[in-house]
Amino acid sequence: MSGFKVISLTDRAAERLKAIMADAERPIAGLRVGVKNGGCAGMSYTMEYAEARKAGEDVIEDRGVTVFIDPKAVLFLLGTEMDFQTTKLSSQFVFNNPNQTSACGCGESVAITPVSPDRLPLPA
């Protein structure tokens, strides 16, 4: 899937990720993003520190942050924008995903329809 921009970051998300990774207890190569089955709507987003790229992962460099994409998540995340939002009651990363079809009331779980391989954009 190389050549496709699976995910992009807003300025707020990039700045927050840089700050978090700078405070990590060990060297961090980037952020690993994926999806997993679970929750009341069917899926949830995953994020974890990545010490190195795993085989098959897409690597996105955006706004000074390295993001590794789990190969099983690419078709679910294609075109997603990751933001960081702060309200009076919370601060959190938010995924603005054009493939998301619904979400549960608590916001922890989503339903995502993968992009059909015949609708993939042409590589840049």
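Now for a quick tour of the structure. (Residues numbered from 1 in each chain as written. Predicted model: local features only at pLDDT ≥ 70, side-chain atom pairs only at ≥ 80, totals over all residues. Heavy atoms only, no water.)

**With respect to the overall build of the chain**
- Scanning the chain from terminus to terminus reveals two helices and nine strands.
- Going from the N terminus to the C terminus, the chain shows its helices and strands as β-α-β-β-β-β-α-β-β-β-β.
- Out of the 124 residues in the chain, the part that is buried amounts to 40%.
- Relative to all contacts within the chain whose residues are 6 or more apart in sequence, the contacts with residues 24 or more apart total 56%. (Helix = DSSP H or I, 4+ residues; strand = E, 2+ residues; numbered from the N terminus. Buried < 20%, exposed > 50% of the residue type's maximum accessible area, 1.4 Å probe, protein only. Contact = heavy atoms within 4.5 Å.)

**Remarks on the packing of aromatic side chains**
- For the coordinates displayed, the defined rule picks out two aromatic pairs.
- Where Y45 meets F95, the ring centres are 4.2 Å apart and the plane angle is 15°; that geometry is what we call stacked. Of this pair, Y45 sits in strand β3 (residues 43-50) while F95 sits in strand β7 (residues 91-96); the two residues are 50 residues apart in sequence, bridging distant segments of the chain.
- Y45 gets classed as buried once you look at its relative accessible area, which sits at 19%. (Phe/Tyr/Trp six-rings, centres within 6.5 Å; stacked < 30°, edge-to-face > 60°.)

**What about unusual backbone geometry?**
- In this structure, R63 is a non-glycine residue whose phi angle is positive, near 55°.
- Mapped onto the elements, R63 comes out in the loop between β4 (58-62) and β5 (65-69).
- For R63, a relative accessible area of 42% corresponds to the partly exposed category.

**Looking at the sheet that holds strand β1 (residues 7-9)**
- With respect to topology, three strands assemble into an open sheet ordered β1-β6-β7, the strand pairing being mixed. What marks the edges here is a single partner per strand, and that holds for β1 and β7. Direction aside, the axes of adjacent strands within the sheet are offset by 30° on average.
- In terms of strand pairing, β1 meets strand β6 (residues 80-86) through three bridges, oriented parallel. Note on β6: the bridge partner recorded for S8 is E81. (Pairing = 2+ DSSP bridges. Axes fitted to C-alpha atoms, helices over the stretch in contact; angles between N-to-C directions.)

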